[in-house]
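Fold and geometry: a report
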Amino acid sequence: MSIIITVSNQKGGVGKTTTSAALASGIFLTGRKVLGIDLDPQGNLGFCLGAGTDSRYTVLDVLNGRVPVERASTGRSC
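As the structure is a computational prediction, the values presented were derived from the model and not from experiment. (Residues numbered from 1 in each chain as written. Predicted model: local features only at pLDDT ≥ 70, side-chain atom pairs only at ≥ 80, totals over all residues. Heavy atoms only, no water.)

Another aspect to go through is the overall build of the protein. Each helix and strand in the protein was counted, giving four helices and zero strands. Moving toward the C terminus, one meets the helices and strands of the protein in the order α-α-α-α. Within the span of the protein, comprising 78 residues, buried residues form 14% of the whole. Across the protein, contacts joining residues at least 24 apart in sequence account for 37% of those joining residues at least 6 apart. As displayed, the protein offers around 6300 Å² of accessible surface, 55% of which is attributable to carbon and sulfur atoms. (Helix = DSSP H or I, 4+ residues; strand = E, 2+ residues; numbered from the N terminus. Buried < 20%, exposed > 50% of the residue type's maximum accessible area, 1.4 Å probe, protein only. Contact = heavy atoms within 4.5 Å. Areas by Shrake-Rupley, 256 points an atom, 1.4 Å probe, with all protein chains shown as cover.)

This is the structure:
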């Protein structure tokens with residue numbers, strides 16, 4: 001069974017990335033699989049979790065249908 005957790009707020013600087021990274025890491029440490037999707041153009045969640053940044057494609061390219069998700073993927077499980 002999958003569970004979706006969303007962290008969102010229009011205001012900047014309220015701890016969305018920190019909260020998301022802590023949640024993802026904590027859930028991962030319990031032995032579960034985690035997929036973190038960072039829709040922020042700066043991509044700080046991926047950076048915080050140690051994901052690679054070598055892809056020239058972003059989630060925006062995937063959402064616009066320009067590339068398949070596999071080509072935009074640069075990360076790994078937490």
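It is worth spelling out the pattern of salt bridges at this point. A full pass over the atoms with the stated rule returns one salt bridge. Put simply, D61 and R66 hold a salt bridge, and the shortest N to O gap is 2.9 Å. (Salt bridge = Lys/Arg side-chain N within 4 Å of Asp/Glu carboxyl O.)

Here we take up helix 1 (residues 16-29). In this model, helix 1 (14 residues) spans 20 Å end to end at C-alpha, consistent with the 20 Å of a helix rising 1.5 Å per residue. When helix 1 is considered as a whole, its buried residues turn out to be S20, A21 and A24. The buried residues of helix 1 all sit within an arc of 95° when viewed along its axis, so they share a single face. More than 90 degrees from the buried face of helix 1, the exposed residues found are T18, A22 and L29. (Expected span 1.5 Å × (residues − 1). Arc of directions from axis to C-beta.)

Bringing a nonpolar patch on the surface into the picture now. On the surface, M1, I3, I5, V7 and L23 cluster together into a nonpolar patch covering about 570 Å² of accessible area. When you line up the elements, I5 lands in the segment before helix 1. In this structure I5 comes out as exposed when scored by relative accessible area, which is 51%. (Patch = residues over 30% accessible without salt bridge, like charges linked within 9 Å, V, L, I, M, F, W, Y side chains within 5 Å.)

Moving on to the nonpolar core. Core analysis: the biggest nonpolar cluster contains five residues, these being A21, A24, V34, L45 and L49. If sequence neighbours within four positions are ignored, L45 has contacts with T17, S20, A21 and D38. (Core = buried A, V, L, I, M, F, W, Y, C linked by side-chain atoms within 4.5 Å.)

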